[in-house]
Structures are given as C-alpha cells and as structure tokens.
Amino acid sequence: MPTKNPSAPEPPERKKPSSPGLRERKKRATRNALAEAAVRLAAEHGVENVTVEAISEAAGVSPRTFFNYFPSHDDAFVLIDEEVGERVRESVRLAPADRPPLDVIRDALTDELDGFEQRKEFWALQAKVLQRSPHLIQRGLQAQVADQRALAAAIADWLAAGASATDATSGGTRAQSRTAGDSLFPQLLAAIAQTAVRVTIEHWCDHPGEVQLAATFQEVFAQLAQGLPRPPG
C-alpha cells in the first residue's frame with residue numbers, strides 16, 4: 001500500500017466569494033424591489049401601460065433612483081441579477097486550478113440555488129411578461145449575451161491562472177503552445193452553464209411540486225458530465 005508523503009501539500013479547498021457589505025446589500029435590495037415591482041405591474045396591466053413613475057412608487061423610491069439602477073424603462077423587465085453574476089464569476093476565479101472545469105461551474109452556481117428558489121414566483125411572472133411583449137425578448141437576449149461573455153472571461157482567467165502555475169514548473173512550454181482553441185473553450189463552457197441554468201429553472205417551473213430545484217440542477221450537470229448519453233427506454 002502506498003504511503004502518504006507527509007510533506008505533500010493538501011489539495012486546495014474551494015474559496016468562497018467575499019460577502020457583500022451593508023451598502024451593497026441595500027443596493028441589491030433596491031434593484032430587486034424595482035424589478036419585482038416592474039414585473040408585477042406589467043403582468044397585471046401590460047408593459048406598455050406601466051410607467052417609470054408607477055414602478056418607482058410601488059418600490060418606494062423616486063423615479064430618479066430608478067435610473068440609478070436601470071438605464072431605461074424596458075431594462076427593469078429583463079433583469080439579469082448582476083450581483084449573482086459577480087459572485088459566480090468570483091467563485092470561478094477562486095476555484096482550485098486542478099478542479100474539472102464543469103465541476104467548477106457547477107459548484108459556483110450551486111451556491112446560488114437558494115436565491116433562485118426564493119424567486120420562483122418572480123421567474124414565472126417575468127416569463128409571462130416576456131411572452132406578452134416580444135420586443136423585450138431582444139433586450140433580454142442582449143443582457144444574457146453580456147452575462148455569458150463576462151462568465152467566459154472569468155473562466156479564461158481561471159484557466160490562465162492554472163496554466164501560469166503549470167508554466168512555472170514546466171519551463172513555460174505551455175505558454176508557447178496556446179492556440180485560438182483556448183479562447184473557444186471558455187465561451188463554450190459559459191454557454192453550457194447558462195443553458196443548464198435556464199433548462200433547470202424551466203423544468204422546475206413546469207413541474208410544480210413534482211421536482212426539486214437542487215435535484216434537477218444536479219441531474220442536468222450529471223448528464224453533461226456523462227456526455228449526454230441516450231436515455232434508457
């Protein structure tokens with residue numbers, strides 16, 4: 001039986017992103033309140049009948065405050081939670097270099113599942129609003145593409161950090177052999193992650209009371225890790 005080298009370093013633990021301060025938590029709460037007010041009003045009255053003033057009043061802030069969080073009226077209906085994205089990207093950048101890439105993404109997103117579950121009603125209402133207002137879909141897609149590119153950049157940073165550590169011990173041969181494929185991989189992994197989250201939430205919302213969000217999420221990533229084999233039967 002092989003013996004463990006007492007001088008060998010322990011595998012690094014996954015670091016957690018730093019917790020936001022009070023000011024950041026207040027800003028996040030205000031942004032979420034505005035988005036929820038916008039979506040609820042739009043679900044009841046239609047997007048075209050909801051004004052910035054009405055959204056601001058429902059959220060308990062001034063119209064001027066609204067524009068501190070959203071550049072336009074329509075942006076409030078297609079909220080991409082920037083704080084969640086930032087935490088996911090930070091978690092990716094802090095991940096141990098020797099972790100499988102798919103596991104790194106899964107673990108970073110798992111930390112956010114509680115927040116997704118708490119906002120189930122909001123996601124359902126938002127989907128309803130978008131279906132009724134096709135002009136918002138393009139804006140939502142633009143926001144998703146920007147979020148995906150930001151995640152790809154974080155993945156690239158993580159990969160580069162790991163490659164730099166490898167270069168330091170191998171004389172830099174890896175740095176000289178990098179190709180365009182190195183930039184393709186982060187984009188692909190970020191797109192897979194975004195699709196996995198969307199499919200998980202859609203499946204969970206479409207089967208209320210039948211499936212659990214966390215279990216569905218883990219099943220999605222388990223199938224991805226297996227290479228999407230054909231289902232039995």
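As the structure is a computational prediction, the values presented were derived from the model and not from experiment.

A. Layout of the nonpolar core. Within the largest apolar cluster, 51 residues are counted, with the highest numbers of intra-cluster contacts made by Ile55, Val92 and Ile105. Counting residues per element, this core draws most heavily on helix 1 (residues 22–45), at eight residues. Setting aside chain neighbours within four positions, we find Ile55 in contact with Leu34, Ala37, Ala38, Leu41, Val50, Phe66 and Phe77.

B. Layout of the packing of aromatic side chains. Within the structure shown, the criterion is met by four aromatic pairs. With 5.4 Å between their ring centres and 65 degrees between their planes, Phe122 and Trp123 make a pair best called edge-to-face. Relative accessible area serves as the criterion here: at 5%, Phe122 is assigned to the buried category. A ring pair is formed by Phe217 and Phe221, whose centres lie 4.9 Å apart and whose planes are at 45 degrees; its orientation type is tilted. Remark: Phe221 and Phe217 occur in helix 11 (residues 213–225); sequence separation between them is four residues, near one turn of the helix. Looking at Phe217, the relative accessible area reads 1%, which means it is buried. What makes Phe221 buried here is its relative accessible area of 3%.

Quick notes on the rules
- Residues numbered from 1 in each chain as written.
- Predicted model: local features only at pLDDT ≥ 70, side-chain atom pairs only at ≥ 80, totals over all residues.
- Heavy atoms only, no water.
- Core = buried A, V, L, I, M, F, W, Y, C linked by side-chain atoms within 4.5 Å.
- Buried < 20%, exposed > 50% of the residue type's maximum accessible area, 1.4 Å probe, protein only.
- Helix = DSSP H or I, 4+ residues; strand = E, 2+ residues; numbered from the N terminus.
- Contact = heavy atoms within 4.5 Å.
- Phe/Tyr/Trp six-rings, centres within 6.5 Å; stacked < 30°, edge-to-face > 60°.

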